[in-house]
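A structural walkthrough
Listed below, chain by chain, are the residues.
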Amino acid sequence: MSLMKGRLFIIGASGHGRVVADCAAALNRWTDIAFFDDRHPELDRNSKWPVRGNVASITETADSKDEIFVAIGNCAARLAMLTRFRQMGLKLATLVHPHASVSPDTKIECGSIVVAGAVVNIGTTVGLGGIINTGSSVDHDCVLQSGVHICPGARLAGNVHVGDRSWIGIGAAVRQGVQIGSDVVVGAGAAVVTDVPDGLTVVGVPARPLARGQDNQGS
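Residue positions are counted from 1 within each chain, in the order its sequence is given. The predicted origin of the model limits local features to residues at a pLDDT of at least 70 and limits the giving and counting of side-chain atom pairs to 80 or more, whereas totals for whole chains, interfaces and linings rest on all residues. Only hydrogens and water are set aside when side-chain values are computed; all heavy atoms of the structure are taken into account.

Time to look at the overall build of the protein chain. Secondary structure is summarised from DSSP: a helix means a run of H or I of at least four residues, a strand means a run of E of at least two, and numbering begins at the N terminus for each. Scanning the protein chain for helices and strands turns up three helices and 24 strands. Here the radius of gyration uses the C-alpha set of atoms, whereas the globule reference equals 2.2 Å times the residue count to the power 0.38. For a compact globule of 219 residues, the expected C-alpha radius of gyration is about 17 Å, and the protein chain comes in at 17 Å, within 12% of that figure. Residue exposure (1.4 Å probe, protein chains only): buried if accessible area is under 20% of the type maximum, exposed if over 50%, otherwise partly exposed. Residues classed as buried in the protein chain amount to 47% of the 219 residues present. Contacts are assigned to residue pairs with any non-hydrogen atoms lying within 4.5 Å of each other. Counting contacts in the protein chain only where the partners sit at least 6 residues apart, residues at least 24 apart contribute 29% of the total. Where accessible areas are quoted, they stem from the Shrake-Rupley method and a 1.4 Å probe; at the residue level, only the protein chains shown are allowed to cover. Here the protein chain has roughly 10,000 Å² of accessible surface; of this, 51% comes from carbon and sulfur atoms. Charged residues are defined narrowly, with Lys and Arg counted positive, Asp and Glu counted negative, and His plus the chain ends left uncounted. All charge positions are set by atom: Lys at NZ, Arg at CZ, Asp at CG, Glu at CD. Distance between charge centres in the protein chain, computed from 19 positive and 19 negative side chains, equals 2 Å.

Written out as structure tokens, the structure is:
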């Protein structure tokens, strides 16, 4: 007799949302995958998956077997929505792609995703709503607090600490033992070799604070 499966409802019918849905389909844990997005009803599909309603309507649709995943790239917005849904008692999904490599001796909190080709090594903690994106690596004993995004191809050496809502840009590298604060943006391709206080944007090799008035290069 087959086990009954619930549904997965994804908030945000974006490109990142398609990656989330593709990961979910590879896991084969849900009978149905659908999106909720405030562009509904004008937007009714995201690739091969339906958009069933706006974000507010999810509370009327989901039941106790259903799981929610927030596929919003903005770290602060994603974390705020996840926190609200958790307070409402909704069930939050955690996704680890079957082609990711994750040590069994890690802790990955709900609302997080580890995408195909990513590596998360022993002793690491990924907080609420983390994104470990395509082909990135997080080495041993790192601590990623809530809402952190490790972008595609970024590399964290061992014992790195990343604060809430921080963004490590595509192809960036972080030296072992570095402490990165909350609400930090590390620019694409940057090499972080010293600690970064809260709220800074750092770019370059080695990474230095972005001069006032320059464009944000975190994506």
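Following the structure, the description resumes.
Attention now moves to the packing of aromatic side chains. Within 6.5 Å between ring centres, the rings of Phe, Tyr and Trp (the latter by its six-membered ring) count as paired, and their orientation is classed by plane angle as stacked under 30 degrees, edge-to-face over 60, tilted in between. Inspection of every chain in the model, using the stated rule, returns two aromatic pairs. Taken together, a centroid distance of 6.5 Å and an interplanar angle of 65° make the contact between F35 and W49 edge-to-face. Taken as a pair, F35 in strand β2 (residues 32–36) and W49 in strand β4 (residues 49–53) lie far apart in primary sequence, 14 residues in all.

Next up on the list: the state of the cysteines. Cysteine sulfur pairs qualify as disulfides if the two atoms are within 2.5 Å. The full count for this structure, using the stated rule, is zero disulfides. Note on C142: no disulfide assigned, nearest cysteine sulfur contributed by C151 at a separation of 16 Å. Here C151 stays free of any disulfide, with the sulfur of C75 as its closest cysteine sulfur at 7.8 Å.

Nonpolar core, defined: a set of buried Ala, Val, Leu, Ile, Met, Phe, Trp, Tyr and Cys residues in which side-chain atoms within 4.5 Å join the residues together. Counting 27 residues, the largest nonpolar core has L156, I168 and I180 as its most contacted members. Look past the residues within four positions of I168 in its chain and what remains in contact with it is H149, I150, C151, A154, L156, V162, V174, I180 and V186. By size, the runner-up hydrophobic cluster in this structure holds 19 residues, among which are A21, V51, F69 and V115.

Moving on, we come to the pattern of salt bridges. When a carboxyl oxygen of Asp or Glu lies within 4 Å of a side-chain nitrogen of Lys or Arg, that pair is called a salt bridge. A complete count under the given rule lists six salt bridges for this structure. Across the salt bridge formed by R165 and D183, the nearest N and O atoms sit 2.7 Å from each other. Taken together, the residues span a long stretch of sequence, with R165 in the loop between β17 (161–162) and β18 (167–168) and D183 in the loop between β20 (179–180) and β21 (185–186) at a distance of 18 residues. The partly exposed category is assigned to R165, whose relative accessible area is 27%. Look at the salt bridges and you will find they share partners, linking R7, D63 and D66 into a network.

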